[in-house]
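Results of the structural survey
Residues per chain, in single letters:
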Amino acid sequence: MKELPPLVQFAEYREPDCRTHKGNPFIEALFPRLDFPELSRLLKNDIDYQPEDRLRPTYLRLLDLQEILLWRWPFSFSISLYYSLDNIIRTGYRGRNPVHIDYWNKVRNGREILAGTKIPSSQDSWSTALGLAVVGDSGTGKSCAIRSCLSLYPQLIIHTNYEGQEFNRHQISYLVVECPPKGAMIALCHNFFRQVDKVLGTGDYYFKTYTRNGQARLEEMIGKMYTVSQVHGIGLLIIEEVQNLTAAKANDAEGMLNYFVQLVNDLCLPIVVVGTPKAFQILRSAFRNARRFSGQGDLEITRMMLNDPELDLFLNQMWRYQYVRNITPFNVDLKKAIHYESQGIADLMVKVFILAQIRAMLTEDESMQEVITVHTIASVRDSLALLQPMLDALRADPPNSSALSQYDDLREGIDIKAHIQEALRKLSTLTIETNPSQVSSEAPVHPTDVTSTKTSSSSKRKPKQSTNQQANNTGEKAKPSSSRKIIVYEGGIIDVISQGKANQVTPYESLLRAGYIEGFDYYLQPE
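This text gives an overview of the structure that appears in the document.

Procedures and definitions
Residues numbered from 1 in each chain as written. Predicted model: local features only at pLDDT ≥ 70, side-chain atom pairs only at ≥ 80, totals over all residues. Heavy atoms only, no water. Helix = DSSP H or I, 4+ residues; strand = E, 2+ residues; numbered from the N terminus. Buried < 20%, exposed > 50% of the residue type's maximum accessible area, 1.4 Å probe, protein only. Contact = heavy atoms within 4.5 Å. Areas by Shrake-Rupley, 256 points an atom, 1.4 Å probe, with all protein chains shown as cover. Pairing = 2+ DSSP bridges. Axes fitted to C-alpha atoms, helices over the stretch in contact; angles between N-to-C directions. Left-handed = near helix turned anticlockwise from the far one by under 90°. Nonpolar A, V, L, I, M, F, W, Y, C, P; charged D, E, K, R; others polar. Core = buried A, V, L, I, M, F, W, Y, C linked by side-chain atoms within 4.5 Å. Disulfide = S-S within 2.5 Å. Parallel < 35°, antiparallel > 145°, perpendicular 65-115°, else oblique.

**Description of the overall build of the protein chain**
- Within the protein chain one finds 21 helices and eight strands.
- When the 527 residues of the protein chain are sorted by exposure, 50% land in the buried category.
- Pairs at least 24 residues apart make up 74% of the contacts formed inside the protein chain by residues separated by at least 6 positions.
- Summed over all atoms, the accessible surface of the protein chain reaches about 26100 Å², with 51% contributed by carbon and sulfur.

What follows is the structure, encoded as structure tokens:
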């Protein structure tokens, strides 16, 4: 189990590993900086997989495949990102010590600077804050890496007493705000206060108070954002989806970027901006003259090439999670096949791996049944139809890497859960069509089953007799089973009953078919 900090915790002060950080409660309350082995262990997220899972019924294995989406592997850029973020947070707090005698004077001066009523002096402009731009194509793992790194910090730290003195403060170590779709600064301010409310659990207090229910002017809200950031000691402000600035009016985009730079340079608030390459040029233009925004250097995350050592490590680790009946050892041909279909995009490699297993479980092609082959991997291409123009551009010689920047979110191109639900429906249909008088134990129960199929290899109950066996025992001739309408049940008990009623099926029969209850004969069988 991971020993991750809770999202909310009371402050526990620790001796800082840097002398210049001593005496600052915002820094001393942070978790100690992690060493490389411990960091790698915490950033990795293995799933609960056992070899015997491959022997489970098909419908259960189809559902198990969703677990692979939760698997996380620490790439080298994730390690670099953690140390960059940690340095940015601690260094930013160095210039914002809440127990320092001049702290509130600096906060007041900052508000005046933002309001334009004061020109920053050399003393006001002294800032320890740093900024960072994280740029990467959709699906390369940038957002996942950032959230994994942030999970290593408690987001809300509650202070009550520091060095024997009363110190009541709610410190927000990081705040994630999404850049609005049209890049409007007013909408960004609204998002900021909503996120503060969410972290502090204050309902909509900050939003209503500081936006005046959405009626406040931009200049007014900008000053309030800065004040709230200082009052709650926001250690790091992460602005995601910065590529949305390309849809903003020129003045709006420039104004927002200038505001980011001012927060870092003059007001000592660290900021990390995250976006796709679509925003790269506008970011570079705005931050070219920023003194500290590139202090940590831009972090550009790219797809993995075929000869990338990290690709071998990533695929070898992922290949452990095979839910098909027959294990296929990982080899060079499989590596080339999965890279060809995904073009080294981490998110797509995981989804191609899952889709290949779905095909192997349901295909009627004997060469692909319950085994992952090069042919199985290639067969999933039709499931990625929406992404094929982009993938073809990446396969070109030379590759057109800019094609990937057209996709802000690859999740729009492929929905694994929808594919699994469709596979369960297909399995239900195949089961009924194969033997309409007796549903196989391979049929799914909930949410898409047609009849009850609760069986277990460890069960001591005798299996139910087929129609012919029952006829032989009673001396009667077996009647051919009449075909009945296939109903795909979804949702909870109430949903199942409603779906059955709409198809003139009694509640008892509906619950029986959906697998929520057993038939009477199940309980009458001797042990």
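Right, picking up where we left off after that structure.
**Some words on the pairing of strand S6 (residues 237–240)**
- Residues of S6 alternate between two faces, with Leu 237 and Ile 239 on one and Ile 238 and Glu 240 on the opposite face, all of them buried.
- One ladder, built from four bridges, connects strand S5 (residues 175–178) with S6; its direction is parallel. Looking across to S6, one finds that Leu 175 is bridged to Leu 237.

**Looking at the packing of helix H12 (residues 309–318) against helix H14 (residues 346–362)**
- Relative orientation of the contacting elements H12 and H14 amounts to 30 degrees, with a least axis distance of 11 Å. Regarding H12 and H14, the two cross each other, and that crossing is right-handed. On H14, the residues that touch Leu 311, Phe 314, Leu 315 and Met 318 of H12 are Ala 346, Met 349, Val 350 and Phe 353.
- Split into classes, the residues belonging to the contact of H12 with H14 amount to eight nonpolar, no polar and no charged.

**As for the sheet that holds strand S7 (residues 271–275)**
- Strand order across the open sheet formed by five strands is S5-S6-S7-S2-S8, with parallel pairing between neighbours. Each end of this open sheet is capped by a strand with a single partner; those strands are S5 and strand S8 (299–301). Across the sheet, the mean angle from the axis of one strand to that of its neighbour is 15 degrees, orientation sign disregarded.
- Where helix H6 (residues 142–150) meets the sheet, its contacts fall on strand S2 (131–136), S5, S6, S7 and S8, and the angle it forms with S2 comes to roughly 140 degrees.

**Details of unusual backbone geometry**
- Residue Arg 212 is not a glycine yet carries a positive backbone phi of 50 degrees.
- When its relative accessible area of 41% is taken as the criterion, Arg 212 is described as partly exposed.
- Positive phi is not limited to glycine here, since Glu 241 has a value of about 55 degrees.
- Looking at the secondary structure, you find Glu 241 in the loop between S6 and helix H10 (250–265).

**Some details on the nonpolar core**
- If you look at the biggest cluster of nonpolar residues, it comprises 126 residues, and the most contacted ones within it are Phe 192, Ile 239 and Phe 314.
- The element best represented in this core is H14, accounting for 13 residues.
- Other than its neighbours up to four places away in sequence, Phe 314 contacts Trp 71, Trp 73, Phe 75, Met 304, Ala 346, Met 349 and Val 350.

**Description of the state of the cysteines**
- Within this structure, the stated rule accounts for zero disulfides.
- Free of any disulfide, Cys 144 has its nearest cysteine sulfur in Cys 149, 9.4 Å distant.

**A short note on the environment of Ala 248**
- Position of Ala 248 among the secondary structure elements: in the loop between S6 and H10.
- Given a relative accessible area of 15%, Ala 248 falls into the buried group.
- Linking Ala 248 and Ala 184, residues 64 residues apart in sequence, is a C-alpha distance of 6.4 Å.

**Remarks on the packing of helix H19 (residues 493–502) against helix H20 (residues 507–514)**
- Put simply, H19 and H20 touch, their axes get as near as 8 Å, and they point 120 degrees apart. When the interaxial angle is binned, H19 and H20 end up oblique. As for how H19 packs across H20, the hand of that crossing is right-handed. Here Ile 493, Val 496, Ile 497 and Gly 500 of H19 lie close against H20, whose contacting residues are Pro 507, Ser 510, Leu 511 and Ala 514.
- Of the residues assigned to the contact of H19 with H20, the class counts are six nonpolar, two polar and no charged.

**Brief notes about the side chain of His 339**
- Examined against the element boundaries, His 339 turns out to sit in helix H13 (residues 332–342).
- Excluding residues within four positions of it along the chain, His 339 makes contact with Met 304, Met 305, Leu 306, Leu 311 and Gly 344.

**So, the sheet that holds strand S4 (residues 165–172)**
- As summarised here, the arrangement of the three strands in space is S1-S3-S4, forming an open sheet in which the pairing is mixed. Each edge of the sheet is formed by a strand with only one pairing partner; in this case those strands are strand S1 (8–10) and S4. On average, adjacent strands in this sheet sit at an angle of 10 degrees to one another, irrespective of strand direction.
- In terms of strand pairing, S1 meets strand S3 (residues 156–162) through three bridges, oriented parallel. Its bridge partner being in S3, Gln 9 is matched across the sheet by Ile 157.
- Seen against the sheet, helix H7 (residues 185–200) touches S3 and S4 and runs at an angle of roughly 125 degrees to S4.

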